[in-house]
Amino acid sequence: QLHARLPTKWLARYLHAAIDLDPQFRRLYLAGAAMLVYSGQRIVPDMILAANTVLERGRRAFPFDWEIPFHLGFNLLYELPSDASPDDSRIPGWRQQGVEILRQAALFEGVPYFIPSLVARMLTKQGSQDLAVRHLEQAYAVATSEEARTQIRYKLAELRGRQVAEDLAEKQR
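Residues numbered from 1 in each chain as written. Predicted model: local features only at pLDDT ≥ 70, side-chain atom pairs only at ≥ 80, totals over all residues. Heavy atoms only, no water.

### Section: the overall build of the chain
Then, in step 1: Of the regular secondary structure elements, the chain holds 8 helices and 0 strands.
Then, in step 2: For the chain, long-range pairs separated by at least 24 residues make up 58% of all intrachain contacts whose partners lie at least 6 apart in sequence.
Then, in step 3: Here the chain has roughly 10100 Å² of accessible surface; of this, 56% comes from carbon and sulfur atoms.
Then, in step 4: Positive and negative side-chain charges in the chain, numbering 22 and 20 respectively, have mean positions lying 2 Å apart. (Helix = DSSP H or I, 4+ residues; strand = E, 2+ residues; numbered from the N terminus. Contact = heavy atoms within 4.5 Å. Areas by Shrake-Rupley, 256 points an atom, 1.4 Å probe, with all protein chains shown as cover. Lys, Arg positive; Asp, Glu negative; His and termini not counted. Charge placed at Lys NZ, Arg CZ, Asp CG, Glu CD.)

Shown next as structure tokens:
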């Protein structure tokens, strides 16, 4: 069905059945969620919501895994709002939930060194510079690799410097 770009009306049902049979098959959550969205069809919110249901199951099965909530947060922050109609009333809630899930995922053990800075960039793009700074401070406190700590320091210096410049400009008005 995927190869022929046909509708995959049974895929979600089969995917949940496979997860029921082996809830510890970690890659099934990520690959299954991707298959539900990227099936060759025009992406609509219902496809992403179905994928998010799979990712939520994965999040419960693997509560200390950073990758599953990262994909869920990305879907909520970017995929759903970009594929929904601009006047969809759910968009602000999706974005808020996505930001929080991404922020939490970036604090997990084993997260690649660049994820905290990437999440800070996403937060800044969404207009949450203060939240980005707080997030980086938390990420720095739990980072175990020197590479991660170095990147977080650079991003913090950039954001704090920008904030100082904005404060000075505001005082001049």
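### Notes on helix α7 (residues 129–142)
Then, in step 1: Taking 1.5 Å of rise per residue, the 14 residues of α7 would be expected to cover 20 Å, and the 20 Å separating its terminal C-alpha atoms lies within 8% of that figure.
Then, in step 2: Within the span of α7, buried status applies to Gln129, Ala132, Val133, His135, Leu136 and Ala139. An end-on view of α7 places all buried positions within 160 degrees of arc, on one side of the element. (Expected span 1.5 Å × (residues − 1). Buried < 20%, exposed > 50% of the residue type's maximum accessible area, 1.4 Å probe, protein only. Arc of directions from axis to C-beta.)

### Overview of the side chain of Asp88
Then, in step 1: Relative to the helices and strands, Asp88 is located in the loop between α4 (67–83) and α5 (91–105).
Then, in step 2: Side-chain polar atoms of Asp88 contact the side chain of Arg90, separated by 2.7 Å. (Polar contact = N/O pair within 3.5 Å; in protein donor to acceptor, adjacent residues only side chain to side chain.)

### A few points about the packing of aromatic side chains
Then, in step 1: One pass over the structure, following the stated rule, counts 4 aromatic pairs.
Then, in step 2: Relative to Tyr78, the ring of Phe74 lies with its centre 5.2 Å away and its plane at 40 degrees, an arrangement referred to as tilted. With Phe74 and Tyr78 both in helix α4 and 4 residues apart, this pair spans about one turn of that helix.
Then, in step 3: We classify Phe74 as partly exposed; its relative accessible area is 31%.
Then, in step 4: Measuring from ring centre to ring centre gives 5.6 Å for Tyr113 and Phe114, while their planes differ by 85 degrees; the resulting arrangement is edge-to-face.
Then, in step 5: Tyr113 gets classed as partly exposed once you look at its relative accessible area, which sits at 34%.
Then, in step 6: The ring of Tyr140 has Arg149 sitting right over it, with the charged end atom 4.1 Å from the ring centre. (Phe/Tyr/Trp six-rings, centres within 6.5 Å; stacked < 30°, edge-to-face > 60°. Lys NZ or Arg CZ within 6 Å of the ring centre and 35° of its normal.)

### Comments concerning the environment of Gly32
Then, in step 1: Among the structural elements, Gly32 can be located in helix α2 (residues 26–37).
Then, in step 2: For Gly32, a relative accessible area of 0% gives the class buried.

### Notes on the packing of helix α6 (residues 115–125) against α7
Then, in step 1: Here α6 crosses α7 at 165 degrees, and the two axes come no closer than 8 Å. When the interaxial angle is binned, α6 and α7 end up roughly antiparallel. By crossing handedness, the relation of α6 to α7 is classed as right-handed. Here Pro116, Ser117, Val119, Ala120, Leu123 and Thr124 of α6 come into contact with α7, specifically with Gln129, Leu131, Ala132, His135, Leu136 and Ala139.
Then, in step 2: In terms of residue class, the contact of α6 with α7 is made up of 8 nonpolar, 4 polar and no charged. (Axes fitted to C-alpha atoms, helices over the stretch in contact; angles between N-to-C directions. Parallel < 35°, antiparallel > 145°, perpendicular 65-115°, else oblique. Left-handed = near helix turned anticlockwise from the far one by under 90°. Nonpolar A, V, L, I, M, F, W, Y, C, P; charged D, E, K, R; others polar.)

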